[in-house]
Amino acid sequence: MGTYSEDLFKQLPILPSGYLLENLQTIMSASFLRNYWNSFYVAVLFTLVTVGVASITGFAFVKYEFKGKNALHGFILLTMMIPGHLGLIAYVMEMKWFHLNNTHAPLILA
């Protein structure tokens, strides 16, 4: 069940100890590869959505003149200055209201 604390003070191990196989079995039995895939999947989707929305928004701000452009730009900058943790509880409650608990949607929509 992992390295015991007294073993840490015996010596500085260069090679993996006897706990390596036990630790690997623990990781693999806890569906590590599925969790790793979920993280990769969410990160890729989040990155693609963010780059797409940011590209379209940036293009619109540079190429087009429209009413309220400065106000909208100021609003976007203002929302970027607010810490993300400030709205976390409200976001969780909102996702619960939309019945998106235990899905990847809240991670991607954030």
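These figures come from a predicted structure and were not determined experimentally.

1. Side note on the packing of aromatic side chains
This model, assessed by the stated rule, comprises six aromatic pairs. Between the aromatic rings of Phe 59 and Tyr 64, the centroid separation amounts to 6.0 Å while the plane-to-plane angle is 80°, which identifies the pairing as edge-to-face. The partly exposed category is assigned to Tyr 64, whose relative accessible area is 48%. Summarising the aromatic geometry, the rings of Phe 61 and Phe 66 are spaced 6.0 Å apart at their centres and angled 40° between planes, so their arrangement reads as tilted. Looking at Phe 61, the relative accessible area reads 14%, which means it is buried.

2. What to know about the pattern of salt bridges
This model, assessed by the stated rule, comprises one salt bridge. For Lys 69, the salt bridge is made with Glu 65, and the minimal N-O distance between the two is 3.2 Å. A relative accessible area of 15% places Lys 69 in the buried class.

Rules of the game
- Residues numbered from 1 in each chain as written.
- Predicted model: local features only at pLDDT ≥ 70, side-chain atom pairs only at ≥ 80, totals over all residues.
- Heavy atoms only, no water.
- Phe/Tyr/Trp six-rings, centres within 6.5 Å; stacked < 30°, edge-to-face > 60°.
- Buried < 20%, exposed > 50% of the residue type's maximum accessible area, 1.4 Å probe, protein only.
- Salt bridge = Lys/Arg side-chain N within 4 Å of Asp/Glu carboxyl O.

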